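# Structural description and commentary
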Amino acid sequence: MSIKLAGGSDAELVTLAVGGRQDAYRELLARHREPIYRLVRASTGDQHEAVDLTQETFVAAFSAIGRFDTTRSFPVWLRQIALNKCRDWARRRRLRAMLWRTAPVDAAHDIPDASVPADIQAADRAELARVNAAIARLPSRLRETLILRTIEGLGQAETAEVLRITEKAVETRLYRARSKLSALLEADRRAK
């Protein structure tokens, strides 16, 4: 007996995928691609990187799907993988920036131009881009909590599970993230 994939639970789809059903993988991807992309895009602030990191998230998840505990929440597990991919990306980005700053002057012609193009600068003037930029400047712990609770709309318990912290820590981080975000946006307004 086969279940209708679109109506199956995530646990049933995972079981089918482990059994080799490619259509179960496709259904899991279709079901969770958009929320993971939104999470990654909000975490990185870069839509192009978000596409790549979303793909990396699903590649990692599907290659480890045999180890997934079907008693757990599949979306929580995916979000944990996605956040780890975002953290890895941020570390690589910081390392690259440090290496570029320490590159010899004669190698400067090999370093790509890091200036922001005019069309991006114009988009940054829009309110949404200004808020996204401020969110990106938040420390990762605050940013991740804010994104999961406010943008992704997860509950406090689910956010705590994704981040592997207590619900009280979620509450505290969310308060600090909102306060810091307000301060950043106010500082931006005064600077103009």
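To be clear, the structure that these remarks concern was listed above.
Just so you know, these numbers come straight off a predicted model, no measurement behind them.

### Concerning unusual backbone geometry
Phi angles above zero are rare outside glycine, and Arg 164 is one such case at about 60 degrees. With respect to the helices and strands, the residue Arg 164 is situated in the loop between α8 (156–163) and α9 (167–191).

### Comments concerning the packing of helix α2 (residues 22–44) against helix α7 (residues 140–151)
Relative to each other, α2 and α7 sit at 140 degrees, their axes nearing to 10 Å. Classed by the angle they form, the pair α2 and α7 counts as oblique. Viewed along their axes, α2 and α7 form a crossing whose handedness is right-handed. Residues Leu 39, Ala 42 and Ser 43 of α2 lie in contact with α7, whose contacting residues are Arg 143, Ile 147, Leu 148 and Ile 151. By residue class, the composition of the contact of α2 with α7 is five nonpolar, one polar and one charged.

### Topic: the nonpolar core
One finds Ile 65 and Phe 74 to be the most contacted residues of the largest nonpolar core, which totals 44 residues. Those elements that provide at least two residues to this core are α1 (10–18), α2, α3 (47–63), α4 (74–101), α6 (127–136), α7, α8 and α9. When residues of this core are assigned to their parent elements, the largest contribution, 10 residues, is made by α4. Beyond its immediate stretch of four places on either side in the chain, Phe 74 contacts Asp 10, Val 14, Leu 28, His 32, Ile 65 and Phe 68.

Rules of the game
Residues numbered from 1 in each chain as written. Predicted model: local features only at pLDDT ≥ 70, side-chain atom pairs only at ≥ 80, totals over all residues. Heavy atoms only, no water. Helix = DSSP H or I, 4+ residues; strand = E, 2+ residues; numbered from the N terminus. Axes fitted to C-alpha atoms, helices over the stretch in contact; angles between N-to-C directions. Parallel < 35°, antiparallel > 145°, perpendicular 65-115°, else oblique. Left-handed = near helix turned anticlockwise from the far one by under 90°. Contact = heavy atoms within 4.5 Å. Nonpolar A, V, L, I, M, F, W, Y, C, P; charged D, E, K, R; others polar. Core = buried A, V, L, I, M, F, W, Y, C linked by side-chain atoms within 4.5 Å. Buried < 20%, exposed > 50% of the residue type's maximum accessible area, 1.4 Å probe, protein only.

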